[in-house]
Every structure is written in structure tokens, then in C-alpha cells.
Amino acid sequence: MRRKWIFIVPAALLGMVLFTFIGGQVVRLLWNWLLPPLFGWRQITFWQAIGLLALCRILFGGFGLRGSSRSNSAIRRRLADRMADRVAERWEHMTPDERERFRQRIRERCGFDPSARESPGL
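Computed from a prediction, not measured in an experiment: that's the story for all the values here.

Thoughts on the pattern of salt bridges
Between side chains of opposite charge, a pair can form when the charged atoms approach closely. Using the criterion set out here, one finds three salt bridges in the structure. In this structure, the salt-bridge partner of Glu-100 is Arg-103, at a minimum N-O distance of 3.4 Å. Highlighted residues: Glu-100 and Arg-103, both in helix α4 (residues 96-110), separated by three residues, approximately one helical turn. The partly exposed category is assigned to Arg-103, whose relative accessible area is 35%. Where Glu-100 meets Arg-107, a salt bridge forms, and the shortest distance between an N and an O atom there is 3.6 Å. Judged by its relative accessible area of 38%, Glu-100 falls in the partly exposed class. For Arg-107, a relative accessible area of 29% translates into the label partly exposed. Overlapping salt bridges bring together Glu-100, Arg-103 and Arg-107 as one network.

Remarks on the side chain of Asn-32
Along the chain, the position of Asn-32 falls in helix α1 (residues 2-39). The contact partners of Asn-32, leaving out residues within four places of it in the chain, are Pro-37, Gln-43 and Ile-44.

Side note on helix α2 (residues 46-61)
Its 16 residues give α2 an end-to-end C-alpha distance of 21 Å, which sits within 8% of 22 Å, the value for a rise of 1.5 Å per residue. Those residues of α2 lying buried are Phe-46, Ala-49 and Ile-50. Down the axis of α2, the smallest arc covering the buried residues is 105°, so these residues share one side. Exposed and oriented more than 90 degrees from the buried face of α2 are Trp-47 and Leu-59.

The rules behind the values
- Residues numbered from 1 in each chain as written.
- Predicted model: local features only at pLDDT ≥ 70, side-chain atom pairs only at ≥ 80, totals over all residues.
- Heavy atoms only, no water.
- Salt bridge = Lys/Arg side-chain N within 4 Å of Asp/Glu carboxyl O.
- Helix = DSSP H or I, 4+ residues; strand = E, 2+ residues; numbered from the N terminus.
- Buried < 20%, exposed > 50% of the residue type's maximum accessible area, 1.4 Å probe, protein only.
- Contact = heavy atoms within 4.5 Å.
- Expected span 1.5 Å × (residues − 1).
- Arc of directions from axis to C-beta.

If you want it as C-alpha cells, here you go:
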């Protein structure tokens, strides 16, 4: 197991450095290709492009503390399932008269009231 880490750690560090270098170069080239001709702004250096990448990560990407989208979607799915279970349980305990009153209130609130659609002039 230790031998595996001997190869993985340097490869991961090299990958991060390579990814940062390529990302900085792409940002620098795109900035220098688009913004000076369009808006008259100055060209930037590689290190300024790296700083811009870091700033964008801070402003728009956060620090990765919110969890992945997979875990968020799993939480949302669980909450939706719990809500559906609660509604189904309440529905089972309603009498037919209570169910009809509930349906009528939903129709009124959502604008699906059949009596409201019928106009006396037609």
C-alpha cells in the first residue's frame, strides 16, 4: 500500500501544477485576445491570470464547503420523499368530505375553480 502512495502523491502534485499552468495560460490568452481589442484594457501577465482564476474561484466557486451536488440532490430527494409520505398519511386519515373540501380549497388557491371560469355573460 505504501508503494502505491509513493507514485500517487507526486503524480497528483504534478497534475495540480500542470492544471494550474494550463488554466493560467488559457485565461491569459483569452483575456489578451478579447479584452484589449474590445474594451481597450491592458494585457495581463501569467501571474495576473492565475490571480484572476483564484479570484473567480473565491467569488463564484466558493471553497467546496457546501458538499457535492450529488449529496445535495440526495438530501432533496429524501426531503421530498418524507413530504410525500406525510401528505399520503394525512390523506389516508381524511374522511371523503374532508378530502373534497381540501380539493376545493386547492382549486380556489391555484385558480382552478370551475365556478370562477364560468362567466354569466356567455
